[in-house]
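Inside the fold
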Amino acid sequence: MKVLQVFRRIVCVFLDFMFKGGSICSWAASAQLLFLVALLSGLISADILPQTITAYVNETVTLPCSIPVDEELPTVEWSKEGLSQNITILYRDGCETFGMKNSAFRYRTNLVLDKLKDGNISQIIYNLRLSDRGRYQCRTLRGRQWQVHAMLELKVVAVSEPKLTVVPTTGGDGVTLECKAVCWFPEPEVTFQDDEGKEIKANNPTRVSHSTECWTVTRKANVQTPIKR
């Protein structure tokens, strides 16, 4: 009800400003009715806050969503914001419909089929890509009424094992070490430490951005004094 009260007040102030009338606030009742219609039709979702889920590239992730158990499963739709063809999975009449599905998610999404009878309409995404990150929406259709049940922000992380090598030098004292982190997202910070945990001074890192939106970072350090590790 607080949402409706705030909305009604905003409409009231706006109409007063536009029409300079003291009694125009009675129109707010009509505006409130329109708000209720939008709410019930699924155009507006009250009290649904986005959840954040973090997963790794190439893994499988489940985006949770559930509905009250009913005799008949409604049409289930998952979509991703920012895509011209935003459907990631559409399930109706007991099977998945592929015609409206975004091609980037073909064969990579599914529902937890053995849990549908329990009202679990969570979406599984297989073989995660960095491009999968973004906001997803879970909603159902009963009759002509859409209802939003969940909004989730998916963060996809890319990591690999850093490679530490000794770089040959043509002269000078000490040893030059090179650390290379291939295809990370977000971009990593590379530092060197000795066996006592003290940071070793290093050159500025070099960064390469890949078409897959990950970063490869390389950094070198010259060790002048003998250390164990």
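Residues numbered from 1 in each chain as written. Predicted model: local features only at pLDDT ≥ 70, side-chain atom pairs only at ≥ 80, totals over all residues. Heavy atoms only, no water.

Right, let's talk about the overall build of the chain for a bit. Regarding its fold elements, the chain presents two helices and 15 strands. Classification of the 229 residues of the chain by burial places 34% in the buried group. Contacts spanning at least 24 positions in sequence make up 54% of the contacts within the chain whose residues lie at least 6 apart. When the accessible surface of the chain is totalled, it reaches about 15,000 Å², and 54% of it is carbon and sulfur. (Helix = DSSP H or I, 4+ residues; strand = E, 2+ residues; numbered from the N terminus. Buried < 20%, exposed > 50% of the residue type's maximum accessible area, 1.4 Å probe, protein only. Contact = heavy atoms within 4.5 Å. Areas by Shrake-Rupley, 256 points an atom, 1.4 Å probe, with all protein chains shown as cover.)

Aromatic ring pairs: the centre-centre distance and the angle between the two ring planes describe each pair. Counted according to the given criterion, the structure contains one aromatic pair. With centroids separated by 6.4 Å and ring planes inclined at 90°, the aromatic side chains of F105 and Y136 adopt a geometry described as edge-to-face. Of the two residues, F105 is situated in the loop between β5 (95-96) and β6 (109-111) and Y136 in strand β8 (residues 134-142); the sequence distance between them amounts to 31 residues. For Y136, a relative accessible area of 1% puts it in the buried group. Here R133 stacks its cationic end above the ring of F185, 4.2 Å away from the centre of that ring. The ring of W146 has R139 lying over it, and the distance from NZ or CZ to the ring centre is 3.7 Å. (Phe/Tyr/Trp six-rings, centres within 6.5 Å; stacked < 30°, edge-to-face > 60°. Lys NZ or Arg CZ within 6 Å of the ring centre and 35° of its normal.)

Here we come to the state of the cysteines. According to the stated counting rule, one finds two disulfides in the structure shown. Shown here is the disulfide that connects C65 with C138, its sulfur atoms set 2.1 Å apart. The S-S bond linking C65 to C138 shows a torsion near -80°; that makes this disulfide left-handed. You can see C65 sitting in the loop between β2 (61-63) and β3 (75-80) and its partner C138 sitting in strand β8, a full 73 residues away along the chain. By relative accessible area, C138 is classed as buried at 0%. The disulfide that involves C183 links it to C214, with 2.0 Å between the sulfurs. One disulfide, between C183 and C214, carries an S-S torsion of -105° and so falls in the left-handed class. Here the residue C183 occupies a position in strand β11 (residues 175-184), and C214 occupies one in the loop between β14 (206-209) and β15 (215-223), the gap between them amounting to 31 residues. Note on C214: relative accessible area 0%, which makes it buried. (Disulfide = S-S within 2.5 Å.)

This paragraph deals with the sheet that holds β6. Pairing is antiparallel across the open sheet formed by three strands, whose spatial order is β2-β7-β6. Sheet topology places β2 and β6 at the edges, where each strand pairs with a single neighbour. Strand-to-strand twist in this sheet, taken as the mean axis angle between neighbours without regard to direction, amounts to 25°. Two strands pair when backbone bridges link them, and β6 and strand β7 (residues 123-125) are joined in this way by three bridges, in the antiparallel orientation. Its bridge partner being in β7, N110 is matched across the sheet by I124. (Pairing = 2+ DSSP bridges. Axes fitted to C-alpha atoms, helices over the stretch in contact; angles between N-to-C directions.)

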